[in-house]
Amino acid sequence: MATIKSTAVTLVLVGMQLDRSLARVTIEELQAASEDLQGGELDMHGLEVFRQRVVQVPHDWRAYGMLGQALVQKGLPGAVDALRTAHHLAPHVPQIKHSLASEILKSGNSTEA
């Protein structure tokens, strides 16, 4: 029984640490990462800011859109999935439609775009 309690406490503490680390993504960090993304100078820290923002606010299409654009800029996989989620959350946003279609076309799937 003591093992179960200590495991439960450990899980709670780990969850609290994760919450604290996610809370560290500030508006200033998001703004700086967004500026770097638009300027074509996004580093891996900026990419991580966008990844953490998606976890923090999973229903925000902007977070997925920025993550998708960041992955495109860095040439990393997952951009289409992030942009597809952004489009699902906000199908009316033309920039997301355009970015998603462009990435699908780049992947060679012209019928889906």
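Data block above holds the structure.
Throughout what follows, the structure given in this document is the object of discussion. From a predicted model like this one, the values you see are computed outputs, not experimental measurements.

Think of two packed helices as two axes; the pair is described by the angle between the axes and how far apart they sit. Taken N-terminus to C-terminus, the directions of helix 2 (residues 27-38) and helix 3 (residues 44-56) make an angle of 125°; their axes are 9 Å apart at the nearest point. Compared by their axis directions, helix 2 and helix 3 come out oblique. Every pair of crossing elements has a handedness; the one defined by helix 2 and helix 3 is left-handed. Contacts between helix 2 and helix 3 involve Glu29, Leu30, Ala33, Ser34 and Leu37 on the former and, on the latter, His45, Gly46, Val49, Phe50 and Arg53. For the contact of helix 2 with helix 3, a count of residues per class yields five nonpolar, three polar and two charged.

A separate point is the nonpolar core. In this structure, Leu42, Leu47, Phe50, Leu67 and Ala70 are the most contacted members of the largest nonpolar core, which totals 20 residues. For this core, the elements supplying multiple residues, two or more each, are helix 2, helix 3, helix 4 (61-74) and helix 5 (79-89). Per element, the largest residue contribution to this core is five residues, and it comes from helix 4. Discounting chain neighbours no more than four positions away, the residues touching Leu67 are Leu47, Phe50, Arg51, Val54 and Ala82.

The next thing to look at is the packing of helix 5 against helix 6 (residues 94-106). At a minimum axis distance of 9 Å, the contact between helix 5 and helix 6 shows a crossing angle of 150°. Classified by the angle their axes make, helix 5 and helix 6 are roughly antiparallel. With respect to the hand of their crossing, helix 5 and helix 6 are arranged in left-handed fashion. Residues Val80, Leu83, Arg84, Ala86 and His87 of helix 5 lie in contact with helix 6, whose contacting residues are Ile96, Lys97, Ser99, Leu100, Glu103 and Ile104. Class assignment for the residues of the contact of helix 5 with helix 6 results in six nonpolar, two polar and three charged.

Definitions and cut-offs
- Residues numbered from 1 in each chain as written.
- Predicted model: local features only at pLDDT ≥ 70, side-chain atom pairs only at ≥ 80, totals over all residues.
- Heavy atoms only, no water.
- Axes fitted to C-alpha atoms, helices over the stretch in contact; angles between N-to-C directions.
- Helix = DSSP H or I, 4+ residues; strand = E, 2+ residues; numbered from the N terminus.
- Parallel < 35°, antiparallel > 145°, perpendicular 65-115°, else oblique.
- Left-handed = near helix turned anticlockwise from the far one by under 90°.
- Contact = heavy atoms within 4.5 Å.
- Nonpolar A, V, L, I, M, F, W, Y, C, P; charged D, E, K, R; others polar.
- Core = buried A, V, L, I, M, F, W, Y, C linked by side-chain atoms within 4.5 Å.
- Buried < 20%, exposed > 50% of the residue type's maximum accessible area, 1.4 Å probe, protein only.

By themselves, these are just geometric observations and shouldn't be taken as functional.
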